[in-house]
Amino acid sequence: MREAVIGIVEDDSAHAALLDAMLARAGYASLVFGSARDFRRRNGIHGVDLVLLDWNMPHESGLEFLISLRKYEGSNIPVIFITSNDQEQQTVEALSAGADDYLIKPVKAGELVARIESVLRRSHVVVDTAEDIAPFEFHMDKRTLTLHGKPLKTTPKEFDLLLFMFRRTGRVINRDAILAHVWHTRTIVPTRTIDTYISRLRSKFGLDGRSGWKIQGIYQQGYRLHRMEEEAQ
Amino acid sequence: MKQMTPADTDDATHPSTWETCEHDSLSVICPHCNLQFMIKLPLLDTEHLTEIEALETFRPGLREQMLTLFVDSARASLRACDSAWQANDRNDLEQAAHRLKGSAASLGATRLRTLAGQLEKDAADDADEIIHAHRLEELDAVLGKTITAYENWLDVNK
């Protein structure tokens, strides 16, 4: 499983299903939003690491949505347009408005994944494991975690969830993204299950402040993992 | 053979008519000099179908799901094209044709995508040009053929 969660904002259900399958094959979790409005309603900004954006959508076009994200909402989340608009002028408009890349439908799976990886590399949205997350340390080869050099006993789900959160330190992560990435589902697991897991992580790994890190619940949005000194600032 | 008029080729000096045949090709004929362009325009892009087939392992049922979703969206777009055409609303016609083009692209429906794109372009560009009703009929016919071709592909690849 790859780390990033990809958001698909697309009103054409067939195309959304196709992109979702392409991403699944590449090992990405994805969340599908039928419109820009749906993305906002479901708090997509706190669920995904990169957005694949259609241009022509009802109520709010992809371009209007992008402009709003960049200009008024201050978000620098990476955005790749995937559209049938094949005119140079539209490509220029999209890139000028802050899009990170622009693809014409129909997209090929190989190219799509390569573009996503390229944009993710440039934007550094997912923190590398080499980043300082002391006193914790992930050992990816053995899928183990240590605290102050001492091994911690984790279940596979706990390990995945911890890794997912540590790679997004300081960012709000919503439940949809956790479900998609860690449980590989969107609807089957009750959200209460996540709350229970988070609660367990807090007490079991000292993520209630004792380890220097804290998982904070953000009302109606999700969770945020951060260092204690960041809270004090 | 069905004739569609008017339409433009990429070559502005040769305003043309479009003629479709029962095979994979679409011929574009200039009514002035009678120059004929042959364009290979299959109903479905086999490379794209192979891609959908390969994804079936990761999303079981994707092939059938794609068809169901495509039929719904393409028919809705075509109905919107018809309503816009009847209301003589070129802006709505352009948008509906664009949606149809996008749906066709998702399924790899090459011919439908091209014809929808042509309609979109004509609605946007040729403000004084009449868009004849049988262009929509042609789109409807190509949509039907596309669905049949996809169903045949599903049958063969069961």
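Now for a description of the structure that goes with this document. Everything numeric here is computed off the predicted structure, so don't read it as measured data.

## Quick notes on helix H1 (residues 46–55) of chain B
At 3.6 residues per turn, the α-helix brings residues three or four places apart onto the same side. His48(B), Leu49(B), Glu51(B), Ile52(B) and Leu55(B) are the residues of H1(B) that are buried. Along the axis of H1(B), the buried positions cluster into a sector of 155°, meaning they face one direction only. Exposed side chains of H1(B) directed beyond 90 degrees from the buried face belong to Thr46(B), Glu47(B) and Thr50(B). On its buried face, H1(B) is in contact with helix H1 (13–26) and helix H5 (109–123) of chain A together with helix H2 (62–86), helix H3 (90–107) and helix H5 (133–156) of chain B. Between the side-chain oxygen of the N-cap and the backbone nitrogen of Glu47(B) there are 3.0 Å, and the N-cap of H1(B) in question is Asp45(B).

## Some words on the interface of chain A and chain B
Across the contact, 24 residues belong to chain A and 23 residues belong to chain B. Summed over both partners, the interface of chain A with chain B buries about 1,900 Å², with 60% contributed by carbon and sulfur atoms. Per-residue buried area on chain A facing chain B is highest for Leu18(A), Arg25(A) and Lys108(A); these three make up 27% of the total on that side. Scanning the region where chain A abuts chain B turns up three salt bridges. In this structure, Glu47(B) engages Lys108(A) in a salt bridge whose closest nitrogen and oxygen atoms are separated by 3.5 Å. Linking chain A with chain B are eight residue pairs in polar contact (both at pLDDT 80 or more), by the criterion used here. Elements that contribute at least two residues to the side of chain A that touches chain B include exactly H1 and H5 of chain A. Per element, the largest residue contribution to the side of chain A that touches chain B is 10 residues, and it comes from H1(A).

## What to know about the pattern of salt bridges
Residues and elements named next belong to chain A. On inspection of all chains with the given rule, the structure shows 25 salt bridges over all chains. Taking the shortest distance from any N to any O, the salt bridge between glutamate 73 and arginine 40 comes out at 2.5 Å. Of this pair, glutamate 73 sits in the loop between helix H3 (62–72) and strand E4 (79–83) while arginine 40 sits in helix H2 (residues 36–41), placing them 33 residues apart in sequence.

## Overview of the environment of Asp11(A)
With respect to the secondary-structure elements, Asp11(A) resides in the loop between strand E1 (5–9) and H1. Using a relative accessible area of 26% as the deciding quantity, one classes Asp11(A) as partly exposed. As for Asp11(A) and Pro58(A), which are separated by 47 residues in sequence, their C-alpha atoms are 7.8 Å apart. Those residues in contact with Asp11(A), other than ones at most four positions away along the chain, are Gly34(A), Asp54(A), Asn56(A), Met57(A), Pro58(A) and Arg99(B).

## Concerning the environment of Val51(A)
Locating Val51(A) in the fold gives a position in strand E3 (residues 50–53). On a C-alpha basis, the gap between Val51(A) and Pro78(A) in space is 6.3 Å, while along the polypeptide they are 27 residues apart.

## Overview of the packing of H1(B) against H3(B)
Each pair of packed helices can be summarised by the angle the axes make with each other and by the distance between the axes. Residue and element names in this part refer to chain B. Their axes nearest at 8 Å, the elements H1 and H3 cross at an angle of 65°. Judged by the inter-axis angle, H1 sits roughly perpendicular to H3. Residues His48, Leu49 and Ile52 of H1 touch H3, and the partners they reach there are Ala105, Ser106 and Leu107. A per-class count over the contact of H1 with H3 returns four nonpolar, two polar and no charged.

Procedures and definitions
Residues numbered from 1 in each chain as written. Chains lettered and ligands numbered in written order. Predicted model: local features only at pLDDT ≥ 70, side-chain atom pairs only at ≥ 80, totals over all residues. Heavy atoms only, no water. Buried < 20%, exposed > 50% of the residue type's maximum accessible area, 1.4 Å probe, protein only. Helix = DSSP H or I, 4+ residues; strand = E, 2+ residues; numbered from the N terminus. Arc of directions from axis to C-beta. Contact = heavy atoms within 4.5 Å. Polar contact = N/O pair within 3.5 Å; in protein donor to acceptor, adjacent residues only side chain to side chain. Buried area = accessible area lost by both parts, 1.4 Å probe. Salt bridge = Lys/Arg side-chain N within 4 Å of Asp/Glu carboxyl O. Axes fitted to C-alpha atoms, helices over the stretch in contact; angles between N-to-C directions. Parallel < 35°, antiparallel > 145°, perpendicular 65-115°, else oblique. Nonpolar A, V, L, I, M, F, W, Y, C, P; charged D, E, K, R; others polar.

In short, shape yes, function no, at least from these values alone.
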